[in-house]
Amino acid sequence: MEESQAVPVVPLVEVRVDGDLNALSAPGVNDMLEEALALHPRRLVIDLAGCEMIDAAGILLLLDTHRRAMRDGGSVALRSPSARAQRNLRLAKVDRVLQVIGADGTLTLGGTQQAAL
């Protein structure tokens, strides 16, 4: 019979991304996100206040991080993306998959706003 092992769960982990999130920076950001996911957070918040631009590689990284978090029963939210980054997230329809929290604490989902949890 297999022994089950308890996996410690952290309620919240916040990661801050500074600089552009693109093909050049994605591997380093991925390493940081892997460390965060190793803590098995119920909620991972990626703070994008210091990130001016996100390209396709960055978007793929965010979606992959979301997939990995969900596999472990967690969720991912993006906080404070710049107007330019938010535009790219909206064009890629990422805001329909991930929670995007504005600097004012409102949750933007597909163009509607409500108070973030």
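Before any of the text, the structure's been laid out above.
Residues numbered from 1 in each chain as written. Predicted model: local features only at pLDDT ≥ 70, side-chain atom pairs only at ≥ 80, totals over all residues. Heavy atoms only, no water.

Topic: the overall build of the protein chain
Stated precisely, the cut-off is as follows: Strands here are runs of E lasting at least two residues and helices are runs of H or I lasting at least four, both read from the DSSP assignment and numbered beginning at the N terminus. The buried label goes to any residue with under 20% of its type's maximum accessible area, the exposed label to any with over 50%, and the partly exposed label to all in between, with areas taken from a 1.4 Å probe on protein chains only. What makes two residues a contact is simply this: any of their non-hydrogen atoms within 4.5 Å.
A count of helical and extended segments in the protein chain gives 3 helices and 6 strands. Going from the N terminus to the C terminus, the protein chain shows its helices and strands as β-α-β-α-β-α-β-β-β. Looking at the protein chain as a whole, 41% of its 117 residues qualify as buried. When contacts within the protein chain are restricted to residue pairs at least 6 apart in sequence, long-range pairs at least 24 apart make up 63% of them.

Considering the side chain of Arg43
This is how it is decided: By the counting scheme adopted, Arg and Lys are positive, Glu and Asp are negative, and His together with the chain ends is not counted. Salt bridge, as used here: a side-chain nitrogen of Lys or Arg that lies within 4 Å of a carboxyl oxygen of Asp or Glu.
Topologically, Arg43 is positioned in strand S2 (residues 41-50). Although Arg43 is buried, it forms no salt bridge, and the closest oppositely charged side chain is Glu14 at an N-O distance of 8.0 Å. Residues in contact with Arg43, not counting those within four places in the same chain, are Pro11, Leu12, Val13, Ser75, Ala77, Gln99 and Ile101.

Coordinates in, geometry out; function isn't part of it.
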